[in-house]
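Read off the chains here:
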Amino acid sequence: MGLLDKQFSDGNIVIANVEDLLNWARLSSVWQLGFGLACCAIEMMATSMSHYDFDRFGVIPRNTPRQADAIIISGTVTLKMATRIKRLYEQMPDPKYIISMGSCANCGGPYWEHGYHVLKGIDRVIPVDVYVPGCPPRPEALLEGLMKLQEKIRTESLRKKLA
Amino acid sequence: MTAEEIFNLLKEKFTDSILGFDKDTPTEPIISVDPLQIHIVSKFLRDEENLKFDSLMCLSGVDDANGEKIKHEDGSEFIKGGTLSVYYNLHSVSLKHKVTLKVSTPREEPKVESVENIWKTADWHEREAFDLLGIVFLNHPDLRRILMPYDWNDFTEEISRYPLRKDYKNPEFYQGMKVPY
């Protein structure tokens, strides 16, 4: 796991790798862009509320892309919206992460054939780190997705961006 | 007033602008009106003392797909001729009666007079019918697309412009994004 497994030498000193320290800091405060699209957004909001409490993982909605670390694509992405999402993504500072939540964002979902206006998967526009299946996924599934993302951040290297 | 009484009243007043009356529909009787006279008829329906249709409940565009179907070599179909229609569902809040109007307009040049200055509801509804079916509403103050992107016209194939037409064909790409699955 990292930090606290290392020994405490003196009273106030923790010894750790720089990589571990940075990764631990990053994964413990994933600020998500306050952004919702469709019914998945309702589940995402439920995840943020006290019952599921996204905040205990350090996830806080941040209403500006300039200070957000992650974006959860929660819902159906129309072609018109896709151009906007791309812009939001480009405005986020590195390192940035993307969780694709629900069937619509993953692959078009129920609109895969006759949805003339739907982008069939957000990964056609921006690179996705974690896909959360479901229609819509339960808050537990989104939490699982977030923990997968944290797992990914934990193994990141300074020299090469993995996630 | 029943739909039949309203039809007789309109027929008496406007004669040639009222094209027909269909009462054997599964839902409600429908009065057909000339698309270039609909604003005059509508104004009468709203202002007449014993009609008072003060509410346009809905305005919907429909592709009747009653033209000649022409098959392309790649299997896709193309409809030539026939009509597009607009339905108006009216309700009088004070007199508690309803009526449905219909106008049909040729598919190749669909033009209907706007009723936006009679019922404000019609503004966005007409924009929607224009956006998805390409029905042009004459004298509408702001006839722009309302749902689809503004540049949805920029495809080489004309058939890809109006998505709710029955012979609509999805474009391959929109702004570099692949559209089909």
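What counts, and at which threshold
- Residues numbered from 1 in each chain as written.
- Chains lettered and ligands numbered in written order.
- Predicted model: local features only at pLDDT ≥ 70, side-chain atom pairs only at ≥ 80, totals over all residues.
- Heavy atoms only, no water.
- Helix = DSSP H or I, 4+ residues; strand = E, 2+ residues; numbered from the N terminus.
- Buried < 20%, exposed > 50% of the residue type's maximum accessible area, 1.4 Å probe, protein only.
- Areas by Shrake-Rupley, 256 points an atom, 1.4 Å probe, with all protein chains shown as cover.
- Lys, Arg positive; Asp, Glu negative; His and termini not counted.
- Charge placed at Lys NZ, Arg CZ, Asp CG, Glu CD.
- Rg over C-alpha atoms; globule rule 2.2 N^0.38 Å.
- Contact = heavy atoms within 4.5 Å.
- pLDDT = per-residue confidence, 0-100.
- Arc of directions from axis to C-beta.
- Buried area = accessible area lost by both parts, 1.4 Å probe.
- Salt bridge = Lys/Arg side-chain N within 4 Å of Asp/Glu carboxyl O.
- Pairing = 2+ DSSP bridges.
- Axes fitted to C-alpha atoms, helices over the stretch in contact; angles between N-to-C directions.
- Parallel < 35°, antiparallel > 145°, perpendicular 65-115°, else oblique.
- Nonpolar A, V, L, I, M, F, W, Y, C, P; charged D, E, K, R; others polar.
- Right-handed = clockwise from strand over helix to strand, strands pointing away.

Peer 1: Help me understand the overall build of chain B in this model?
Peer 2: Of regular secondary structure, chain B possesses three helices and 11 strands. The helix and strand sequence of chain B, counted from the amino end, reads α-β-β-α-β-β-β-β-β-β-α-β-β-β. Here the C-alpha coordinates of chain B stretch approximately 55 × 30 × 25 Å along the principal axes. Expressed as a percentage of the 181 residues in chain B, the buried residues total 44%. Accessible area for chain B stands at about 9700 Å²; split by element, carbon and sulfur atoms hold 50% of it. Positive and negative side-chain charges of chain B, numbering 23 and 33 respectively, have mean locations separated by a distance of 2 Å.

Peer 1: What is the right way to read the overall build of chain A from this model?
Peer 2: A tally of regular secondary structure across chain A gives five helices and five strands. The helix and strand sequence of chain A, counted from the amino end, reads α-β-α-β-β-α-β-α-β-α. A compact globule built from 163 residues should have a C-alpha radius of gyration of about 15 Å, and chain A, at 17 Å, falls within 12% of that. C-alpha extents for chain A along the principal axes are approximately 65 × 35 × 25 Å. Counting only residues that meet the buried cut, chain A has 42% of its 163 residues in that class. Excluding contacts between residues fewer than 6 apart, the proportion of contacts in chain A whose partners are at least 24 apart in sequence is 74%. Within the structure as shown, chain A displays about 8700 Å² of accessible surface, and the carbon and sulfur contribution to it stands at 55%.

Peer 1: Explain the confidence of the model for chain B here, please?
Peer 2: Detailed reading of the predicted model is not advised wherever pLDDT is low. Averaged over chain B, the pLDDT score is 90; the fraction of residues at 70 or greater is 99%. For this predicted complex, the interface confidence score (ipTM) comes to 0.77, while the overall pTM stands at 0.82.

Peer 1: How should helix α2 (residues 38-47) of chain B be read in this particular structure?
Peer 2: Given 3.6 residues per helical turn, the α-helix brings residues three or four places apart onto the same face. All names here are of chain B. Among all positions in α2, only Ile 38, Val 41, Ser 42, Phe 44 and Leu 45 are buried. Looking straight down α2, one finds that the buried residues subtend no more than 160° of arc, so they occupy a single side. Those residues of α2 hidden inside the fold are in contact with α1 (3-14), β1 (18-22), β2 (30-33), β6 (83-92), β7 (97-106) and β8 (111-113).

Peer 1: Can you walk me through the interface of chain A and chain B in this structure?
Peer 2: Think of interface size as the accessible area that goes away when the parts come together; that is how it is often given. Of the residues lining the interface, 14 residues belong to chain A; the matching set on chain B comes to 17 residues. Both faces combined, the contact of chain A with chain B buries some 1200 Å², and carbon together with sulfur accounts for 68% of it. It is Leu79(A), Lys80(A) and Tyr116(A) that lose the most area in chain A upon contact with chain B, and together they represent 52% of the buried surface on that side. Taken together, the connections running from chain A to chain B amount to zero salt bridges.

Peer 1: Where do I start with the sheet that holds β1(B) in this structure?
Peer 2: Strand pairing in a sheet relies on backbone hydrogen bonds. The paired strands run either parallel or antiparallel. Residue and element names in this part refer to chain B. Here we have five strands laid out as an open sheet, ordered β1-β2-β7-β6-β3, and mixed in their pairing. Only two strands of the sheet have a single neighbouring strand rather than two, namely β1 and β3 (55-63). Between one strand axis and the next, the sheet turns by 20° as a mean value, whatever way the strands run. Pairing geometry for β6 and β7, over 10 bridges, is antiparallel. In the strand pairing of β7, Leu 84 is matched with Thr 105. Along the sheet, α1 contacts β1, β2 and β7; its crossing angle with β1, the most-contacted strand, is approximately 165°. Against the sheet, helix α3 (residues 122-133) touches β3 and β6, its axis set at about 5° to β3.

Peer 1: Help me understand the environment of Pro136(A), please; the structure alone is not making it clear to me.
Peer 2: Residue and element names in this part refer to chain A. Residue placement: Pro 136 occurs in the loop between β5 (130-132) and α5 (139-154). You can call Pro 136 partly exposed: its relative accessible area is 32%. For the pair Pro 136 and Cys 39, spaced 97 residues apart in the sequence, the C-alpha separation amounts to 6.8 Å. If near-sequence neighbours (up to four positions away) are discounted, Pro 136 is found in contact with Cys 40 and Glu 43.

Peer 1: Before we go on, may I ask you to explain the packing of helix α2 (residues 39-48) of chain A against α5(A) in this structure?
Peer 2: Packed helices, taken two at a time, are described by the angle their axes make and the gap between the axes. Residues and elements named next belong to chain A. Put simply, α2 and α5 touch, their axes get as near as 9 Å, and they point 75° apart. The orientation of α2 relative to α5 falls into the category roughly perpendicular. Here α2 contributes Glu 43, Met 44, Ala 46 and Thr 47 to the contact with α5, which in turn contributes Pro 139, Leu 142 and Leu 143. Residue composition of the contact of α2 with α5, by class: five nonpolar, one polar and one charged.

Peer 1: What should I look at first to understand the pattern of salt bridges in this one?
Peer 2: When the charged atoms of two side chains lie near each other, side chains of opposite charge can form a pair. Residue and element names in this part refer to chain A. Considering all chains together, one arrives at 18 salt bridges over all chains under this definition. Taking the shortest distance from any N to any O, the salt bridge between Lys 152 and Asp 129 comes out at 3.6 Å. With a gap of 23 residues between them, Lys 152 in helix α5 and Asp 129 in the loop between α4 (102-107) and β5 connect regions that are remote in the sequence. Judged by relative accessible area, which is 15%, Asp 129 ranks as buried.

Peer 1: Explanation requested: the pairing of strand β4 (residues 97-101) of chain A in the structure shown.
Peer 2: Each regular strand carries side chains that alternate between the two faces of the sheet. Residues and elements named next belong to chain A. Counting buried positions over the five residues of β4 gives five, a clear majority of the element. What you see with β4 is no split at all: Tyr 97, Ile 99 and Met 101 on one side and Ile 98 and Ser 100 on the other are buried throughout. Here strand β3 (residues 70-74) runs beside β4; their pairing, made up of five bridges, is parallel. Looking at the pairing, Ile 72 lines up with Ile 99 of β4. In this fold, β3 hands off to helix α3 (residues 79-91), which returns the chain to β4; that crossover is right-handed. With three bridges joining them, β4 and β5 adopt parallel strand pairing.

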